[in-house]
Amino acid sequence: MAQQMVMYDQEFQQISAVCDRLAREASAKVVFLVDKNGQLIATHGGENLDTTSLASLTAGNIAATGGIAKLIDEKEFSQIFHEGQRDNVHINIVGGRVILVVIFDNRSSLGLVRLRVKKASEELSKIFDLLLKKADQPGAAESPFAEISDEDIDKLFTD
Amino acid sequence: MSTVNFGSRELYLKVVYYGPGLCGKTTNLHYLYSKWPKNERGNMVSLATETERTLFFDFLPLSLGEIRGFKTKFGLYTVPGQVFYDATRKLVLRNADGVIFVADSQAERMDANLESLDNLSDHLAESKLALDKMPFVLQYNKRDLPSALPVSELSAALNPRKVPEFEAVAPTGAGVLETLKAAVRLVFNDQKNKK
Ligand SMILES: Nc1nc2c(ncn2[C@@H]2O[C@H](COP(=O)(O)OP(=O)(O)O)[C@@H](O)[C@H]2O)c(=O)[nH]1
Ligand SMILES: [Mg+2]
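Just so it is clear, the model here is predicted, and its values are computed rather than measured. (Residues numbered from 1 in each chain as written. Chains lettered and ligands numbered in written order. Predicted model: local features only at pLDDT ≥ 70, side-chain atom pairs only at ≥ 80, totals over all residues. Heavy atoms only, no water.)

1. Description of the site of ligand 1
Residues and elements named next belong to chain B.
Link 1 in the chain: Taken together, 14 residues sit near ligand 1, with Leu22, Lys25, Thr26, Thr27 and Asp144 positioned nearest.
Link 2 in the chain: Within the contact set of ligand 1, an oxygen atom lies 2.5 Å away from a side-chain nitrogen or oxygen of Thr27.
Link 3 in the chain: With respect to ligand 1, the backbone of Lys142 contributes an N or O atom lying 3.1 Å from an oxygen atom.
Link 4 in the chain: Taking 580 Å² as the accessible area of ligand 1 by itself, protein coverage stands at 74%.
Link 5 in the chain: In terms of residue count, the dominant contributor to the shell around ligand 1 is helix H1 (residues 25-35) (three residues).
Link 6 in the chain: In terms of residue class, the shell around ligand 1 is made up of six nonpolar, five polar and three charged. (Near = heavy atom within 4 Å. Polar contact = N/O pair within 3.5 Å; in protein donor to acceptor, adjacent residues only side chain to side chain. Areas by Shrake-Rupley, 256 points an atom, 1.4 Å probe, with all protein chains shown as cover. Helix = DSSP H or I, 4+ residues; strand = E, 2+ residues; numbered from the N terminus. Nonpolar A, V, L, I, M, F, W, Y, C, P; charged D, E, K, R; others polar.)

2. A few points about helix H2 (residues 86-93) of chain B
Link 1 in the chain: Buried within H2 of chain B we find Thr88, Arg89, Leu91, Val92 and Leu93 of chain B.
Link 2 in the chain: For H2 of chain B, the secondary structure elements touched by its buried residues are helix H2 (51-71) of chain A together with strand E2 (10-18), strand E4 (54-67), strand E5 (70-78), strand E6 (98-104) and helix H3 (110-126) of chain B.
Link 3 in the chain: Where H2 of chain B terminates, the next one or two residues include Asn95 of chain B, which has phi positive at roughly 70°. (Buried < 20%, exposed > 50% of the residue type's maximum accessible area, 1.4 Å probe, protein only. Contact = heavy atoms within 4.5 Å.)

3. Section: the packing of helix H1 (residues 9-25) of chain A against helix H3 (residues 110-136) of chain A
All names here are of chain A.
Link 1 in the chain: Closest axis-to-axis distance for the H1/H3 pair is 10 Å, and the angle between their directions is 180°. Of the possible angle classes, the one that applies to H1 and H3 is roughly antiparallel. Residues Gln10, Glu11, Gln14, Ile15, Val18, Arg21, Leu22 and Glu25 of H1 lie in contact with H3, whose contacting residues are Leu112, Arg116, Val117, Lys119, Ala120, Glu123, Leu124, Ile127, Phe128, Leu131 and Lys134.
Link 2 in the chain: For the contact of H1 with H3, the class distribution of residues is ten nonpolar, two polar and seven charged. (Axes fitted to C-alpha atoms, helices over the stretch in contact; angles between N-to-C directions. Parallel < 35°, antiparallel > 145°, perpendicular 65-115°, else oblique.)

4. Observations concerning the sheet that holds strand E3 (residues 40-44) of chain A
Residues and elements named next belong to chain A.
Link 1 in the chain: The five strands lie next to each other as E3-E2-E6-E5-E4, forming an open sheet whose pairing is antiparallel. Because the sheet does not close on itself, it has two edges, and the strands there are E3 and strand E4 (79-83). Pairs of neighbouring strands in the sheet enclose a mean axial angle of 15°, with direction left out of account.
Link 2 in the chain: Contacts between H3 and the sheet are confined to strand E2 (30-35), E3, E4, strand E5 (88-94) and strand E6 (98-104), with E5 contributing the most and set at about 30° to the helix. (Pairing = 2+ DSSP bridges.)

Following this line, the structure appears as structure tokens:
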């Protein structure tokens, strides 16, 4: 497993565009993408939601269902669906790496969401494949971590 | 697993508080939550039982200011301490960039500390990580209690590698920030050598 995930500006824009389009085409309220670590990668909508907490809980949810899958000798459950009174949540693992979450209400349907998610997942998978290759290249953008000095770290806590 | 996002110009890192049940992990997070500037932290999420024992994890997202034009964000997690929550503990530990071990200073909790520390290295080993390669700091909590062992004794038993160690009384905040600072420092230094 990679110890660092690097997201470049170009791919970030592409990923955000895929999320925007998915939200539109699936008539979803909110779309977001989370890495398995619980970090939010991109969102569409959800301005009134605590997306940071949602991201961490989604990753926890995927980790827990992955654990259950292992215990019953299943490969991971690649899709999870939570049905609510008003809103529903569709969760899907993309390329084994990142988690795509779609929140929708009765203006959409599970069938439509599944269909659109499938297409978006394929696109996202390709982008993430390229991203990994790019990060492996020697000339890839310098990680900001490499530059961090002790003073930088001290300063983090003084203000 | 850290994330460097050149798009949003953010660095994201995950730190896990580990330790036996009731040693004060959740209390560390509560204190940080209460003291951190509101616009620099998110909500604290606690997946707990009805009796407030951690069931899955607590989560506290903190922002720590900018480094080299990147906003730095830390996701702090606690594991459930009770022995029978082993499977969930393993999940929370996954992808951690650093670990803070909170030990309970009370003499009667020494066995629980040792067991939990063993459990931590076992879990890391399973994910092909070695505790001695991991950014790791120790906190001796509950220094205010009468049965607290001398630090020298705790250190001899729990800290053979002499990683940074701190005394704490988590409910008052004593030692809480110092512990986190030391962990953050190690995590950043560790990231420098990674790719
Ligand atoms: N006296 C004392 N009590 C503490 C200290 N730290 C935590 N506690 C108490 O110990 C109990 C368990 O703490 P908690 O943070 O929930 O433990 P966790 O299981 O590690 O998350 C709570 O009642 C805390 O108030 C400490 O430094 N001194
Ligand atoms: Mg707890």
